[in-house]
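A closer look at the structure
Take a look at the letters that make up each chain.
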Amino acid sequence: MSHKVSSKAKMLLAAMLIPFALSACESRVNVRGNYPDPEEVSKLETGVSSRRDVAELLGSPSTLSTFKDQVWYYVGERVEKTAFYDPVVLERSILVVKFSEDGKLEESQQFALEDGRIIDPVTRITPTEGQDLTIIQQLLGNLGKFTPGGGDN
């Protein structure tokens, strides 16, 4: 009788674990950053909309220009992650909003993932002066360089 109970318990456990195992392989799509609604962006009027209007329609920007707050950037992306694989960017949107000196909307530009460029980082190694010593050479090289008692000579 106990054999049947343990068999039923195993089947119940397996039935409970299968959804968890399958959900680990399920892809998940996350939205990151500030992804402005295109309908709200279309309401912006060049020369009319103020900073306050833009902030009320689109929310706070992701970042501002470095020295003055004349340019606002709204950056957002949709990313898909499946199990242990690297994330894949499905969609990226960058809205650049430029203001004139009087705080009115001067220009807005929309950029997408296709507008981006791949940057190839330089992978060269800068050589340093001196000798390349192994750990053993470094340890043995220090023998005899210290005086007993730590006093100065």
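Since the model is a prediction, treat every value here as computed from it, not as a measurement. (Residues numbered from 1 in each chain as written. Predicted model: local features only at pLDDT ≥ 70, side-chain atom pairs only at ≥ 80, totals over all residues. Heavy atoms only, no water.)

We now examine the overall build of the chain. Within the chain one finds four helices and five strands. Ordered by position from the N terminus, the helices and strands of the chain form the series α-β-α-α-β-β-β-β-α. Buried positions account for 16% of the 153 residues belonging to the chain. Look at the contacts in the chain between residues 6 or more apart in sequence, and 47% of them connect residues 24 or more apart. Carbon and sulfur atoms make up 58% of the accessible area of the chain, which totals about 12,800 Å². (Helix = DSSP H or I, 4+ residues; strand = E, 2+ residues; numbered from the N terminus. Buried < 20%, exposed > 50% of the residue type's maximum accessible area, 1.4 Å probe, protein only. Contact = heavy atoms within 4.5 Å. Areas by Shrake-Rupley, 256 points an atom, 1.4 Å probe, with all protein chains shown as cover.)

Looking now at the nonpolar core. Counting ten residues, the largest nonpolar core consists of Val-41, Leu-44, Val-54, Leu-58, Trp-72, Tyr-74, Leu-95, Val-97, Phe-99 and Leu-105. It is strand S4 (residues 88–99) that contributes the most residues to this core, three residues altogether. When residues no more than four places from it in sequence are discounted, the contact partners of Leu-105 are Leu-44, Glu-45, Thr-46, Gly-47, Ser-49, Val-97, Lys-98 and Phe-99. (Core = buried A, V, L, I, M, F, W, Y, C linked by side-chain atoms within 4.5 Å.)

Before going further, it helps to examine the pairing of S4. By the bridge criterion, ten bridges tie strand S3 (residues 71–82) to S4 in an arrangement that is antiparallel. Within S4, the position partnered with Trp-72 by the bridge is Val-97. Linkage of S3 to S4, two consecutive antiparallel strands, is achieved through a turn of five residues, within which Ala-83 is found at a positive phi near 45°. Note: S4 against strand S5 (residues 105–112), seven bridges, orientation antiparallel. Across the sheet, residue Phe-99 finds its bridge partner in S5, namely Leu-105. Counting the residues between successive antiparallel strands, the hairpin from S4 to S5 contains five residues, one of them, Gly-103, with a positive phi of roughly 85°. (Pairing = 2+ DSSP bridges.)

Attention now moves to helix H3 (residues 51–58). By the burial criterion, the buried members of H3 are Arg-51, Val-54 and Leu-58. The arc enclosing the buried residues of H3, seen along the axis, measures out at 65°, which places them on a common side. What points out from H3, more than 90 degrees from its buried face, is the exposed set Arg-52 and Glu-56. Looking at the buried positions of H3, the neighbouring elements they touch are helix H2 (38–42), S3 and S4. Just downstream of H3 lies Gly-59, where phi reads positive at about 85°. (Arc of directions from axis to C-beta.)

The next subject is a nonpolar patch on the surface. A cluster of nonpolar side chains, namely Val-29, Val-88 and Leu-90, defines an oily patch on the protein surface of about 230 Å² accessible area. Residue position: Val-88 is located in strand S4. (Patch = residues over 30% accessible without salt bridge, like charges linked within 9 Å, V, L, I, M, F, W, Y side chains within 5 Å. Salt bridge = Lys/Arg side-chain N within 4 Å of Asp/Glu carboxyl O.)

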